[in-house]
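Tertiary structure, described
Chain by chain, the residues:
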Amino acid sequence: MIVAGVMSGTSADGINVALVRIDSPARPRSRHRLRLKLLGHSEFPYSEDVRSLILSAMNSTRASVADLARLNFLLGELYADAVIATQRRFRSKAQLVGCHGQTLYHQGENASFLQRKLAATWQSGEGAVIAARVGVPVVSDFRPADIAAGGKGAPLVPFLDFLLYRDTRVSRIVQNIGGIANLTAIPAGATAKQVIAFDTGPGNMVIDAVTEQLFHTPFDKDGRIAASGKVIESVIADILQHSFFRRRPPRTAGREEFGREFTRALIARCGGANSRDVVATATALTARSIADAIRRFVLIGRRSYRDFIVSGGGLRNATLMAMLANELLPLGLQLHSSDEFGLPAEAKEAVAFAVLAYQTWHRRPSNIPAATGARRTAILGKISYA
Ligand SMILES: Nc1ncnc2c1ncn2[C@@H]1O[C@H](COP(=O)(O)OP(=O)(O)O)[C@@H](O)[C@H]1O
Ligand SMILES: [Mg+2]
């Protein structure tokens, strides 16, 4: 079956579409055995006005209900356009679409709300619109079923990581650096129950915000600004004391933790430092918080890991990658891009949502309870028929 996976992450930079051929072996021994072939992948940046509409919708104090409803339908149209353009480009037609949607709000932890303890999540992008335009069934809205099963609704990509990267002899860590950074650690010979996965903290989100604020450009291209600045070590040490970084996994983060407020506080902490130093410090925070999380929560017992496989837009930030390689060296980890393991770094999350949709279409679960904290596995998503 050919499945189109559609991803748009917390960076709100745009839409990634992957066309994937997925087959189950004749007698699958477990839900973790699938054959995948990436047929093609495209990226569609959001226009500036769509991006700013999304960012203001995430800022819940300013969004109007009418705008949120319209945004949901607008995103449905944009996702459909992206799938159709990708199909045309690679001359193949999807039989199913899996669309993550744009997260407008994510609160994985239970919190009191009108006398109840609730977690909540909201991904926008109307599946019915995509189904109508593309002409095939669409699975969307993957996270609520995991939350309903007691999980945090994230991370969901570990299902693909486990499928692709588990090995009987080599222990691996898979790291995605999108807006938020998250890792999946797969010990050699592990079952799904032994997978460790959680959000390490900010990925590009804080770097982007600081660069936008101080240099009026949306991101630090290739990490050039950071390369010309000096890291303010005392600020990093201070921030790593922040309660999020000390929280044990499972844990998830979003703009709620590392959005505007966090960036404002970081810039304030840097005092009157040179703007380039502030970008360098934000960049080092991502690298350091990843290494710190590995030390605290992954390298426990005598287990040693060898491969460190990176995906996501952060891979294109050369300064961030150099800092990360430096941090990983003493931990005995070798840094690779996911390209070296057969999947383009920008395509991986889109492929994940193609795989999750395939599972749902076959009435099979695809959350990993060890990663999300759910009490049980769950079939994820909602289906819109064409
Ligand atoms: N050439 C580049 N140099 C530096 N950073 C880049 C480059 N290309 C992309 N990025 C970073 O990657 C981010 C997008 O990464 P992505 O994996 O799409 O994140 P998300 O899943 O949150 O959308 C951008 O916001 C930017 O910070
Ligand atoms: Mg993106």
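As the structure is a prediction and not an experimental result, all values here were calculated from the model.

Another aspect to go through is the site of ligand 1. With respect to spatial proximity, 18 residues lie near ligand 1, and among them Ser-11, Gly-179, Asp-208, Asp-222 and Gly-313 are the closest. Gly-313 is positioned with one of its backbone polar atoms (N or O) 2.8 Å from an oxygen atom of ligand 1. At 3.4 Å from a nitrogen atom of ligand 1 is found a main-chain nitrogen or oxygen belonging to Arg-316. Alone, ligand 1 offers 580 Å² of accessible surface; in the complex the protein occludes 88% of this.

Further remarks concern the side chain of Thr-184. Relative to the helices and strands, Thr-184 resides in strand β9 (residues 180–186). Residue Thr-184 is classed as buried on the basis of its relative accessible area of 0%. Residues in contact with Thr-184, not counting those within four places in the same chain, are Pro-158, Asp-161, Arg-172, Ile-173, Val-174, Val-195, Ile-196 and Ala-197.

Across all of its chains, the model carries eight aromatic pairs by this definition. Seen from their ring centres, Phe-244 and Phe-258 are 5.3 Å apart, and the 90° between their planes marks the pair as edge-to-face. Here the residue Phe-244 occupies a position in helix α9 (residues 243–246), and Phe-258 occupies one in helix α10 (residues 255–258), the gap between them amounting to 14 residues. As far as burial versus exposure is concerned, Phe-244 and Phe-258 are alike and both buried. Among the aromatic residues, those joined into a ring-pair cluster are Phe-244, Phe-245, Phe-258 and Phe-262. Geometry around Phe-162 places Arg-166 over its ring, the cationic atom sitting 4.8 Å from the centre. Over the ring of Phe-244 we find Arg-251; its NZ or CZ atom is 4.4 Å from the centre of that ring.

Basis of the calculations
- Note on numbering: residues in each chain are counted from 1, in written sequence order.
- Going through the entries in the order they are written, you letter the chains from A and number the ligands from 1.
- The model is predicted, so local features are restricted to residues of pLDDT at least 70 and side-chain atom pairs to those at 80 or more, both for listing and for counting; the totals for chains, interfaces and linings are taken over all residues.
- To get the side-chain values, take all heavy atoms of the structure and skip hydrogens and water.
- We call a residue near a molecule or strand whenever a single non-hydrogen atom of that residue lies within 4 Å of it.
- Under the rule applied, a polar contact is a pair of N or O atoms within 3.5 Å (in protein, one hydrogen donor and one hydrogen acceptor; residues adjacent in sequence only if both atoms are side-chain atoms).
- Only the protein chains shown count as cover for residues, and all accessible areas are computed by the Shrake-Rupley method using a 1.4 Å probe.
- A run of H or I in DSSP becomes a helix once it reaches four residues, and a run of E becomes a strand once it reaches two; helices and strands are each numbered from the N terminus.
- When accessible area is computed with a 1.4 Å probe and restricted to protein chains, residues below 20% of their type maximum are described as buried, those above 50% as exposed, and intermediate ones as partly exposed.
- Residues count as neighbours in contact if any of their non-hydrogen atoms are within 4.5 Å of one another.
- In this scheme Phe, Tyr and Trp rings, the latter by its six-membered ring, pair at centre separations within 6.5 Å, and the angle between planes marks the pair as stacked below 30 degrees, edge-to-face above 60, and tilted otherwise.
- By definition here, charges over rings are those cases where NZ of Lys or CZ of Arg is within 6 Å of the ring centre and within 35 degrees of the ring normal.

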